[in-house]
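Descriptive analysis of the structure
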Amino acid sequence: MWEDFLLFVAVGFAAQMVDGAIGMAYGVTSSSVLLSMGVPPATTSACVHAAETFTTAVSGTAHWKLGNVDRKLLVRLAVPGMIGGALGAFVLTNIDGDTIRPFISAYLLLLGVLIVWKAVASRPSEGAEPSRVIPLGFFGGLFDSIGGGGWGPIVTSTLIGQGTKPRYAIGSVNLAEFFVTLTISATFIMTIGLDLWPIIAGLIIGGIIAAPFAAYATKVLPDKALMILVGCVVVILSLRTIISALT
């Protein structure tokens, strides 16, 4: 795995640039790449979330300092997200990897389509108070841990779809994700442990380098083209994994 270290750095950098800028796609992108390389689903999720613990800490801190975080929204997302994430990680470690791999890829495929759809769909007027935030955080954490990604596409897209100002939706979701990924990683450590450190180290280094730039990009860069690109990549990688599992 060490010979692919620079590849994982590049994946972590690209994934965090997009995730930090638009509030989604780090886990989806990274998990799609790892699954397409044959890494088991539970190991994939454990590696991605271990790396995200570090990258989301840097990203969330940058968003906090730039004033992109709504404190009330942060708490309402983080606590149920931690509960759902721990439950999902426990479930995933008790399921056979080869059996669930096509289903996880199908889930990521749907998230890839969702990202593209959100990029081209019109948004409602901003500034509306989000509703059903607690169940949104719980199911976002649950599916994020099971699928190795999905917190951003599920939570950020729903909040923005309800009319939450994108700046606060993205910043709050990024910081809340730190607490969710920390809980998920702790659950994996207590159940299956952590290995494949070249993957984890590469994702961490690439993500940490990108995080401050991505947080600043939230204010200055258009996100539509990035969302479409990421969504298409995730769809292609997920289809590849599904086809390989079925043939």
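Residues numbered from 1 in each chain as written. Predicted model: local features only at pLDDT ≥ 70, side-chain atom pairs only at ≥ 80, totals over all residues. Heavy atoms only, no water.

**Focus on the overall build of the protein**
Secondary structure summary: the protein contains 10 helices and zero strands in total. Along the protein, from the amino end to the carboxyl end, the secondary structure elements read α-α-α-α-α-α-α-α-α-α. Of the roughly 10,300 Å² of accessible surface on the protein, 72% is carried by carbon and sulfur atoms. (Helix = DSSP H or I, 4+ residues; strand = E, 2+ residues; numbered from the N terminus. Areas by Shrake-Rupley, 256 points an atom, 1.4 Å probe, with all protein chains shown as cover.)

**Topic: the packing of helix α4 (residues 71–92) against helix α7 (residues 151–161)**
Packed helices, taken two at a time, are described by the angle their axes make and the gap between the axes. Close contact between α4 and α7 brings their axes to 13 Å; oriented N to C, the two are set at 145 degrees. Viewed along their axes, α4 and α7 form a crossing whose handedness is right-handed. Two secondary-structure elements touch here, α4 through L73, L77 and G81 and α7 through W151, V155 and L159. Of the residues in the contact of α4 with α7, the class split is five nonpolar, one polar and no charged. (Axes fitted to C-alpha atoms, helices over the stretch in contact; angles between N-to-C directions. Left-handed = near helix turned anticlockwise from the far one by under 90°. Contact = heavy atoms within 4.5 Å. Nonpolar A, V, L, I, M, F, W, Y, C, P; charged D, E, K, R; others polar.)

**So, the packing of aromatic side chains**
Counting across every chain of the model gives three aromatic pairs. Ring plane angle 25 degrees and centroid distance 6.4 Å describe the contact between F139 and F143, whose orientation is recorded as stacked. With F139 and F143 both in helix α6 (residues 133–147) and four residues apart, this pair spans about one turn of that helix. Accessibility expressed as a relative area gives 35% for F143, which makes it partly exposed. Measuring from centroid to centroid gives 5.1 Å for F178 and F179, while their planes differ by 70 degrees, and the two rings are edge-to-face. Three or more aromatic residues joined by ring pairs make a cluster, and in this case those are F138, F139 and F143. (Phe/Tyr/Trp six-rings, centres within 6.5 Å; stacked < 30°, edge-to-face > 60°. Buried < 20%, exposed > 50% of the residue type's maximum accessible area, 1.4 Å probe, protein only.)

**Some details on a nonpolar patch on the surface**
On the surface, F13, I205, I209 and F213 cluster together into a nonpolar patch covering about 370 Å² of accessible area. The biggest single contributor to the nonpolar patch is helix α9 (residues 197–220), with three residues. (Patch = residues over 30% accessible without salt bridge, like charges linked within 9 Å, V, L, I, M, F, W, Y side chains within 5 Å. Salt bridge = Lys/Arg side-chain N within 4 Å of Asp/Glu carboxyl O.)

**Observations regarding α7**
α7 sits mainly inside the fold: nine of its 11 residues count as buried. Every buried residue of α7 is accounted for by W151, G152, P153, I154, V155, T156, S157, L159 and I160. G163 sits one or two residues past α7 and shows a positive phi near 105 degrees.

**Overview of the environment of F90**
Within the secondary structure, F90 is located in helix α4. Distance in space between the C-alpha atoms of F90 and M190 is 9.5 Å, their sequence separation being 100 residues.

**Quick look at the environment of G81**
Among the secondary structure elements, G81 is positioned in helix α4. Residue classification places G81 among the buried residues on the basis of a relative accessible area of 0%. G81 sits 58 residues away from F139 along the chain, and the two C-alpha atoms are 7.2 Å apart. When residues no more than four places from it in sequence are discounted, the contact partners of G81 are G137, F138, G141, W151 and V180.

**Looking at the confidence of the model for the protein**
The predicted coordinates ought not to be read in detail in places where the model reports low pLDDT. Averaged over every residue, the pLDDT of the protein is 80; residues scoring 70 or more account for 86%. The spread of mean pLDDT over the elements of the protein runs between helix α10 (residues 224–246), the lowest at 72, and α4, the highest at 92. (pLDDT = per-residue confidence, 0-100.)

**Regarding the side chain of S59**
With respect to the helices and strands, the residue S59 is situated in helix α3 (residues 41–65). Only 2.9 Å separates the side chain of S59 from the side chain of N174, close enough to count as a polar contact. (Polar contact = N/O pair within 3.5 Å; in protein donor to acceptor, adjacent residues only side chain to side chain.)

**Comments concerning the side chain of S30**
Along the chain, S30 falls in helix α2 (residues 26–36). Judged by its relative accessible area of 1%, S30 is buried. Excluding anything up to four places from it in sequence, S30 contacts V11, A15, V48 and L203.

**Section: α2**
Every α-helix carries 3.6 residues per turn, so stepping three or four residues along brings you back to the same face. Among the 11 residues that make up α2, 11 are buried, leaving the element largely enclosed by the rest of the structure. For α2, every residue scored as buried is listed here: Y26, G27, V28, T29, S30, S31, S32, V33, L34, L35 and S36. Among the residues trailing α2, G38 stands out with phi positive, at a value near 90 degrees.

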